[in-house]
Amino acid sequence: MKSKSILRGKRTHFCGELRKKDVDKEVILFGWVNRIRDIGNLIFIDLRDREGLAQVVISSEQKDLLGKAKNIRMEYVLAVKGVVKPREEGMKNHELATGDIEVLVKEMEVLSQSETLPFVISDPVKATEEMRFKYRYLDLRRPSMQKNIRLRHRAALIVRNFLDKKGFYEIETPFLTKSTPEGARDYLVPSREYKGRFFALPQSPQLFKQIFMISGFDRYFQIVRCFRDEDLRADRQPEFTQIDMEMSFAGQEDVFSVTEEMIVCLFDLIGARLSRPFPRLTYEESMERFGTDRPDLRNRMEIIDLTDTGLRIDSRIIRSVLQSDGVLKGLVVQNGKNLSRSRLDKVEKRARGLGAKGIIWIKKEKQTFTSPLRLKNEDFTQIWEKSKAGEDDLILLVADKKETALRVLGELRTDFFYQEKTDSTDFQFVWITDFPLFEWSEDENKLVSMHHPFTSPKAEDMPELEKEPLKVKADAYDLVVNGVEIGGGSIRIKDRDTQERIFRVLGLDEKEQENKFGFFLKALTYGAPPHGGIALGFDRIVMILAGEESIRDVIPFPKTTSSLCLMTDSPSEVDENRLKEVGIQIIKKNKGGKNDE
């Protein structure tokens, strides 16, 4: 008579949940074979599920099971029924949460077999990223990946529950929408019914969430997928997830308060205790002190303005830069006196790669200074005293245009910090405020919005909007932690006149405005409340919570840095008949660079 399947029973525990308190309990476990050790009359199997490992033991007393177990291989899927027993003292595994117990098997069933794996399921993984992405379903079995995805789930629950208690409604916005002319490139979706016309996948739900405010919903949020066809980095993906929030009758302080409280709850997940309120820096102050609008405040180095000192010292090179509206900026590298010439040559090369004409370094030995710059001792002393450098420090100087000097020293400041720092659970948050409303794009040769064109200008700067647009400040803000921007938002424009003025400054004439944003401009005429919000990068937040360095390690199915999905081999070619259905023809370049007809 055929024996009853263990599957007809109910799983009693996850493997990783078993503890001393479960001794003598009969349990049913399901999982994958993580490791198998055959010592003849005993077979030990480490059975793995999403909660961890449990050691199961098949003894010689179970002859049928022992013979069956000898054919089991790595990553077979098993069902096991047995009794929890304490391990002998010398056999305990103190590195394993379940290391005090084992399960003596009474029944076992092979539910699924596995071929030989392309790489071993283990941490740290010994496989290339390409291999991991191709076999992502195997990579996701690794304990670290299981932990990351579980953390992602719990973080999403915290966000939903927190915002629900704060009176926010979770409301979906369309994925098929109108292409926007600002920001990154859209992913376009052709319409079969309306050939030659396209939907776009949303870069963000910006206009829809503002329309929710006009619609009277007052507080909206969404954990939403967004899409941007742009070049990728470790913290970027073509499709990503953000915590999108918007509030009516709210100012900057209201957005800051809700966001900070939610962030505190999220970081409590990993036992991090954050203090509020988070510090604030204006954009201008952040650039002057740290050379970036994403400062890592764990790094105590700050850029020093030495322009006045530069005018007093006898250096023709520095004076010529300063007389051409340049600046002299410095950075003190603590304990940098012993940096070798080869290391300083690398710093020089790095500075030139960032756009500087060069870099000047100064060391001090008692009262004697060493530097490639030829100066009198008293001139070196002026620089050293103004920089407040110590005997064992190193000073780096850049004489150049202000933007270049700040950018170069900001990058070098970061380089030195990350070369020296150790792993830290310290989280330094900071709000960056008062961004410029516009910036000049060299690539596009025109003014563009620093955030987006729906950001409200500072009220006091409105008279300068058309006359001196680059001087206008925005009611915008970013949230940064440990040098990573995790969110950005603003108070929004709430009237059609101001919105049209912004569009005109950006070069959109009346016809373009109506064609691209007519529906939104019309909505602004029907009583739009004051409103503002923020979008937080959910992937980046989970990355930081998990202690990872790339969002690809906290996204279940990420793309490569070249926007490929190696597992599904996409993007892929599409059948010609399907292209005809949507009115698309592929034009390929021939070897001469001309289009094939």
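Scroll up to find the structure.
Source: prediction; values computed, not measured. (Residues numbered from 1 in each chain as written. Predicted model: local features only at pLDDT ≥ 70, side-chain atom pairs only at ≥ 80, totals over all residues. Heavy atoms only, no water.)

### Section: the pattern of salt bridges
Here is step 1 of the chain: By the definition in use, this model includes 53 salt bridges.
Here is step 2 of the chain: In this structure, the salt-bridge partner of K85 is D24, at a minimum N-O distance of 3.3 Å. One end of the pair, K85, is in strand β4 (residues 77–86); the other, D24, is in the segment before β1 (26–38), with 61 residues separating them in the sequence.
Here is step 3 of the chain: D24 sits in the exposed class, given a relative accessible area of 55%.
Here is step 4 of the chain: One salt bridge connects R152 with D539, and the closest N-O pair in it is separated by 2.8 Å. Note that R152 is positioned in helix α4 (residues 143–165) and D539 in helix α15 (residues 538–546), a separation of 387 residues in sequence. In this structure, R152 and D539 share a single accessibility class: buried.
Here is step 5 of the chain: A single salt-bridge network, built from bridges that share partners, covers D123, R132, R136, D139, R142 and D553. (Salt bridge = Lys/Arg side-chain N within 4 Å of Asp/Glu carboxyl O. Helix = DSSP H or I, 4+ residues; strand = E, 2+ residues; numbered from the N terminus. Buried < 20%, exposed > 50% of the residue type's maximum accessible area, 1.4 Å probe, protein only.)

### Comments concerning helix α12 (residues 402–420)
Here is step 1 of the chain: Relative to the 27 Å expected for 19 residues at 1.5 Å per residue, α12 spans 27 Å between its end C-alpha atoms, a close match to the ideal helical length.
Here is step 2 of the chain: Burial in α12 covers these residues: T404, A405, L406, V408, L409, G410, L412, R413, D415, F416 and F417. (Expected span 1.5 Å × (residues − 1).)

### A closer look at the state of the cysteines
Here is step 1 of the chain: Using the criterion set out here, one finds zero disulfides in the structure.
Here is step 2 of the chain: Here C565 stays unpaired: no disulfide links it, and the sulfur of C226, its closest cysteine neighbor, is 19 Å away. (Disulfide = S-S within 2.5 Å.)

### Some remarks on helix α10 (residues 341–353)
Here is step 1 of the chain: A rise of 1.5 Å per residue sets the reference length of α10, with its 13 residues, at 18 Å; its end C-alpha atoms lie 18 Å apart and thus fit the reference within 8%.
Here is step 2 of the chain: For α10, the set of buried residues is L344, V347 and A351. Down the axis of α10, the buried side of the element spans an arc of 50°, and every buried residue falls inside it. Among the exposed residues of α10, those pointing more than 90 degrees away from its buried face are K346, K349 and G353.
Here is step 3 of the chain: Along its buried surface, α10 packs onto β14 (360–365), β16 (394–400) and α12.
Here is step 4 of the chain: Downstream of α10 by a residue or two, G355 has a phi angle that is positive, lying close to 110°. (Arc of directions from axis to C-beta. Contact = heavy atoms within 4.5 Å.)

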